Amino acid sequence: MLTLILILFPFVASLFCLLLQDKQVRSFAFIAAVVQLGITLYVVSQFVPGGGMQFVADYSWIENLGISFKAGLDGISTLLVLLTSISMVLILLSSFSREIVTPRPFYCLILFMQAALVGVFTALDGFLFYVFWELALIPIYFICLLWGGNDRVRITLKFFIYTLTGSLFMLVALIYLYLQTPVPHSFDIQALYALQLQPMQQSFIFWALFLAFAIKIPIFPLHTWQPDTYTDAPTQGSMLLSGIMLKMGIFGLIRWLLPIVPLAVGEWGRIAMGLCVTGIIYASCMALVQQDFKRLIAYSSIAHVGLIAAGVFSLSVQGMQGAMLQMMSHGINVIGLFFVADIIFTRMNTRQLSELGGIANHAGAFSAFFMIILLGSVALPLTNGFVGEFLLLNGVYQFSAVAAALAGLTVILGAVYMLRSYQAVMLGSREITASVFTPLTATEMTTMLIIAVLIILFGVYPQPLLHLTEPDIRLILDKAMVR
Amino acid sequence: MNAILTVTGLGVLAMIAEILRFKKALPYLVIAGIAATIGFSMLDWNTFVRYYSDMLYMDNFAVAFSCLITVVSLLWFFVSGDYFKSDATRTDHYAIILFALVGGMIMVSYADLSMLFIGLEILSISFYVLAASNKTELRSNEAGFKYFIMGAFATGFLLFGITLVYGASGTFNLQKLAAYTTAQAGQLPGIYYAGILLILVGLTFKVSAVPFHFWAPDVYEGAPTLITALMATLVKTAAFAALYRLFSTCFTPVSDFWTGVIWIMAAASMLTGNILAVAQTSLKRLLAYSSIAHAGYMLLALVAINDLSAAAILLYAAAYSIASISSFAILEIVSTQTGDESIAAMKGFAKAHPLQAFILVITMLSLAGIPPLAGFFAKYYIFFAAIQAGYIGLVIIAVLSSLIGVYYYLRVIITIFQSPAGQKPAVTFLPGQTALLALTGLLTLLIGLAPGLLTSLLG
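Predicted, not measured: the structure shown is a model, and the values here were computed from it.

Trainee: Is there a simple way to think about the overall build of chain B in this case?
Mentor: Of the regular secondary structure elements, chain B holds 20 helices and 2 strands. At 21 Å, chain B has a C-alpha radius of gyration in line with the 23 Å of a compact globule built from 459 residues. On the principal axes, the C-alpha backbone points of chain B span a range of 70 × 55 × 40 Å. Within the span of chain B, comprising 459 residues, buried residues form 59% of the whole. Counting contacts in chain B only where the partners sit at least 6 residues apart, residues at least 24 apart contribute 80% of the total.

Put into structure tokens, the structure is as follows:
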């Protein structure tokens, strides 16, 4: 029942948004997100780690096809739902000091997106998963299309078609899996887990599913939609995409790929790992030479999620645990970074590194917050990024020392490009007047403060999160390691 | 059976409405009559009665498809106010459309090849006239003429095919034909196979499948928009039902012979329709090409020909018809008031008419096959049937071509959110039209969320 509330509440709230006045809708959406966070925290407090699937809602939907509305929470889902709820509050809070044209559909779409995302993370039926997966694409498409930058039409079209390509192959794979289940066929995740497919079949399924997830994550060389889309999307759209949506892909790997086709993972996992590592280095190098700050964040995001995916494919407890933790950390950090970019852009009207500089002289608090987010993102010890990246590299090392050495470059390169951007934006002798860089507003300050607190909190004390997911990670790994 | 008689009666009534001076009451009469027809159709559910020495067979397949095309016609009559308004001879048009509906109903319930031919002819001849019904417009006349010449050829092929099959088997009756095919499988004469192919040509012409699609863009574009809507829905649904009825009952023992042919036609239709639609600037032509592509998807169910096919065709036809009615209706309302059928004419639509734009978005997304809308589930079901029958290659072609489809449907959506260049004539929607559009939007959502309502009928 709680799972159902988690899905339905934001959905109902999104419909309400359309009925309100333009002036009220922002506060309403924010309150709805806070309430959703409250529900999520209650669910987390009730959740028993290691207790298997909990709060399962199971309703028959299309009976004669073996499709049911079945959703529930295990540790992995709980963590991601928690990430979604926290991020939503931050994303909505970040919109308070901005003027949004036609706010009603905007907030409606954001809350609608939240419902779909929770659906993706909790679905326990292949068909339901697919429906939510696609449903999450619609709101973000319109958010980018209607509130995006100058080149939005071309870019959003590319984004949509790119992701839909992957999804449709996933649909074919899911139907194929469904037909392999014993009669009466079923999309239930347990039925899919129970399948014992031939290696050939597994390989086919592996690539079809991998394509869908790799595009969403994105894994090199399927990432080409991502920098454009992140750069041109409105700030809240970029936050949704990078903070939460790309976790759909990682989550898909863990929940819907590894346990279903273990043999193929054994066979093709190396290639996937190779792609991840290549992507890490490639994206880090690209980030080094970016001039547009938002684009730089986009590339750094590819590098980070590449490492997360590598951790998943390492098939070790440390790697997977690191992936879980890093999904949470990356979500918070990248939202912080995009917010920094937004704060700078609204004041300076440019995101080009070469045209910025000297901001630190006028904005002490802002530069401190920026520094904390930056340190979290380059994985300094005692920030949230550190624990995750340490575990991830540990996991990758168990898989292959060479891969770990190459993937480890991301830590160095990450520090280089992030510090370089900080230097270019905040320091330097460029003279700007205080009137250009106005002090942060109260909501901006609050948002930054919450992000900074979360970064340090999860960096110092990550144990609860690790505790939450560990039993379920082991379950998944047991299934994925069966040879 | 009462349903067919009711519609026929209505048609006759429409013809004498002018003489007996109840022209004004006719629209209400027709709508009430069609609503009653739906009721009569439903009464035939699970009765399985054979009529007129086995000429018509009211099985559940026939009832379901009769209901579908009648419902679609009913929806159509609600939007079609414009079409009848300015015309001095509107009662004739009512009669012709009602007769076309009768033809469609016969095509979905025939049990004898001669009835198939009669049904198809009633339908076709009505549409030749309707395509040319905007007599002052050159394009409309051209459309009617083109449709007539090409359609007459196709009908000739169909008739010749029926003749050859009759020559081989000595019967028109579907049951006997099926028994003959099963008994003689392996030693069927060449003319029998030739007959199958010619029948296929005749019927696939009506659904505008490649390579018999050349008429479709021109006729769709030239005919009055509302008639095009009816062609895309009523004709296509009836012809698909007719195809399925014949091929699933009689020709399954020789399915190896014709599935390959339909396989190629399906792949070619999906690719050709979708690829050519991308380049269109006229919304009407875009919808015409997209209708070719949708015929391709529906042919997939015919290639698969298993126990899912009937439900798959029903679901797809329903989803596609509903989406067509709303998209053509919006096109009609916008184009008559602005005099422009191009996609660019839709610029600024979202700002001026948020509700209608929302429905158009739902419609386009449904045509593109995005969950949880009706079009998605219909595609899903078709793919599902095809994968179950082992046609994974064809499904992959279908998947790739539907991606091309997404591209141009999204282009329409993008356009309606763009701001128009310069001043544009204002477009107004009557409350009734808006209500109908809202109804189609709701139906699209409803079928998407609860497709079991339809699939369980023929499951």
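After presenting the structure, the write-up continues.
Trainee: What's the story with the overall build of chain A in this structure? I'm lost.
Mentor: Check the secondary structure of chain A and you find 19 helices and 2 strands. Its C-alpha atoms give chain A a radius of gyration of 21 Å, near enough to 23 Å, the size a compact globule of 483 residues would have. For chain A, the spread of C-alpha atoms along the principal axes amounts to about 70 × 55 × 45 Å. Across chain A, the fraction of contacts at a sequence separation of at least 24, relative to all contacts at a separation of at least 6, is 81%.

Trainee: Before we go on, may I ask you to explain the nonpolar core in this structure?
Mentor: Grouped burial of nonpolar side chains is what soluble globular proteins tend to show. One finds Ala136 of chain A together with Leu300 and Leu314 of chain B to be the most contacted residues of the largest nonpolar core, which totals 383 residues. Residue contributions to this core peak at 20 residues, all from helix α14 (residues 309–338) of chain B. For Leu314 of chain B, the contacting residues outside a window of four places in its chain are Ala64, Phe65, Leu68, Leu454, Leu457 and Leu458 of chain B.

Trainee: Even after reading the chapter, I still don't get the pairing of strand β1 (residues 54–62) of chain A, so can you show me in this structure?
Mentor: Across a regular strand the side chains alternate sides, sitting on one face of the sheet and then on the other. Residues and elements named next belong to chain A. As defined by bridge partners, β1 adjoins strand β2 (residues 67–73) across 6 bridges and the pair is classed as antiparallel. Residue pairing for β2: Gln54 is matched across the bridge by Leu73. Connecting β1 to the antiparallel partner β2 that follows it, the hairpin turn spans 4 residues, and Gly66 within it adopts a positive phi of roughly 70°.

Trainee: Just checking my understanding: could you explain the interface of chain B and chain A for this structure?
Mentor: The figure often quoted for interface size is the accessible area lost as the parts come together. With 22 residues of chain B at the contact, the number on the chain A side is 21 residues. Counting residues per element, the ones that place at least two in the side of chain B that touches chain A are α17 (374–388), α18 (392–417) and α20 (452–455) of chain B. Per element, the largest residue contribution to the side of chain B that touches chain A is 10 residues, and it comes from α18 of chain B.

Trainee: Where do I start with helix α6 (residues 137–147) of chain A in this structure?
Mentor: An α-helical segment advances 3.6 residues per turn. Residues three or four places apart therefore align on the same side. Burial runs high along α6 of chain A: 10 of the 11 residues are buried. Those residues of α6 of chain A not exposed but buried are Leu137, Ile138, Pro139, Ile140, Tyr141, Phe142, Ile143, Cys144, Leu145 and Trp147 of chain A. If you follow the buried residues of α6 of chain A, they end up packed against α4 (103–122), α5 (126–135), α7 (152–180), α10 (225–232) and α11 (235–257) of chain A together with α18 of chain B.

Trainee: Teacher, can you tell me more about the environment of Ala341 of chain A here?
Mentor: All names here are of chain A. When you line up the elements, Ala341 lands in helix α14 (residues 317–348). As for Ala341 and Arg351, which are separated by 10 residues in sequence, their C-alpha atoms are 7.2 Å apart. Ignoring any residue separated from it by four or fewer positions in sequence, one finds Ala341 in contact with Phe293, Lys294, Ile297 and Arg351.

Trainee: How should I be thinking about unusual backbone geometry in this particular structure?
Mentor: Glycine aside, residues mostly have negative phi, and peptide bonds are mostly found in the trans state. All names here are of chain A. Residue Pro184 is bonded to the preceding Val183 through a cis peptide linkage, with omega at -5°. Along the polypeptide, Pro184 turns up in the loop between α7 and α8 (189–193). For the bond running from Ile217 to Pro218, omega is -10°, close enough to zero to count as cis. Summarising the element assignment, Pro218 is placed in the loop between α9 (199–216) and α10. Positioned with a positive phi, Thr102 is a non-glycine residue whose angle comes to about 40°. Note that Thr102 resides in the loop between α3 (75–94) and α4.

Trainee: Explain the environment of Met448 of chain A here, please?
Mentor: Here Met448 of chain A lies in helix α18 (residues 442–460). Sequence spacing of Met448 of chain A and Val277 of chain A is 171 residues, and the spatial spacing of their C-alpha atoms is 32 Å.

Trainee: Quick question: what am I supposed to make of the packing of α3 of chain A against α18 of chain A here?
Mentor: A pair of packed helices is characterised by two quantities: the angle between their axes and the separation of those axes. Residues and elements named next belong to chain A. Orientation of α3 relative to α18, taken along the N-to-C sense of each, is 155°, at an axis distance of 9 Å. One finds that α3 runs roughly antiparallel with respect to α18. As for how α3 packs across α18, the hand of that crossing is left-handed. Residues Leu90, Leu93 and Ser94 of α3 form the contact with α18, whose participating residues are Thr443, Thr446, Thr447, Ile450 and Ile451. A breakdown of the residues in the contact of α3 with α18 according to their chemical character gives 4 nonpolar, 4 polar and no charged.

Trainee: Help me understand the packing of α9 of chain A against helix α12 (residues 262–288) of chain A in this model?
Mentor: Residue and element names in this part refer to chain A. Remark: α9 packs on α12, axes separated minimally by 8 Å, with the N-to-C direction vectors making an angle of 45°. As judged from the angle between their axes, α9 and α12 are oblique. Relative to α12, the crossing made by α9 is right-handed. Touching Pro199, Gln202, Ser203, Ile205, Phe206 and Phe210 of α9 are Leu263, Ala264, Val265, Glu267, Trp268 and Ala272, all from α12. Looking at the contact of α9 with α12 residue by residue, the class counts come to 9 nonpolar, 2 polar and 1 charged.

Trainee: Can you walk me through helix α5 (residues 90–109) of chain B in this structure?
Mentor: Taking 1.5 Å as the rise per residue, α5 of chain B with 20 residues should run 28 Å; its terminal C-alpha atoms sit 29 Å apart, in good agreement. The element α5 of chain B is largely enclosed, with a buried count of 18 among its 20 residues.

Trainee: What is the right way to read the confidence of the model for chain B from this model?
Mentor: Detailed reading of the predicted coordinates is not advisable wherever pLDDT is low. Chain-level statistics for chain B give a pLDDT mean of 90 and a share of 98% at 70 or above. Overall fold confidence for the complex sits at a pTM of 0.89, while the interface term, ipTM, reaches 0.83.

Trainee: Could you clarify how one ought to interpret the environment of Tyr166 of chain B in this entry?
Mentor: Residues and elements named next belong to chain B. Of note, Tyr166 is situated in helix α7 (residues 138–169). As a C-alpha pair, Tyr166 and Ile96 span 70 residues in sequence and 31 Å in three-dimensional space. Apart from residues lying up to four places away in sequence, Tyr166 is in contact with Thr171 and Phe172.

What counts as what
Residues numbered from 1 in each chain as written. Chains lettered and ligands numbered in written order. Predicted model: local features only at pLDDT ≥ 70, side-chain atom pairs only at ≥ 80, totals over all residues. Helix = DSSP H or I, 4+ residues; strand = E, 2+ residues; numbered from the N terminus. Rg over C-alpha atoms; globule rule 2.2 N^0.38 Å. Buried ≥ 20, exposed ≤ 12 C-beta atoms within 10 Å, placed from the backbone. Contact = placed C-beta atoms within 7 Å. Core = buried A, V, L, I, M, F, W, Y, C linked by C-beta atoms within 7 Å. Pairing = 2+ DSSP bridges. Axes fitted to C-alpha atoms, helices over the stretch in contact; angles between N-to-C directions. Parallel < 35°, antiparallel > 145°, perpendicular 65-115°, else oblique. Left-handed = near helix turned anticlockwise from the far one by under 90°. Nonpolar A, V, L, I, M, F, W, Y, C, P; charged D, E, K, R; others polar. Expected span 1.5 Å × (residues − 1). pLDDT = per-residue confidence, 0-100.

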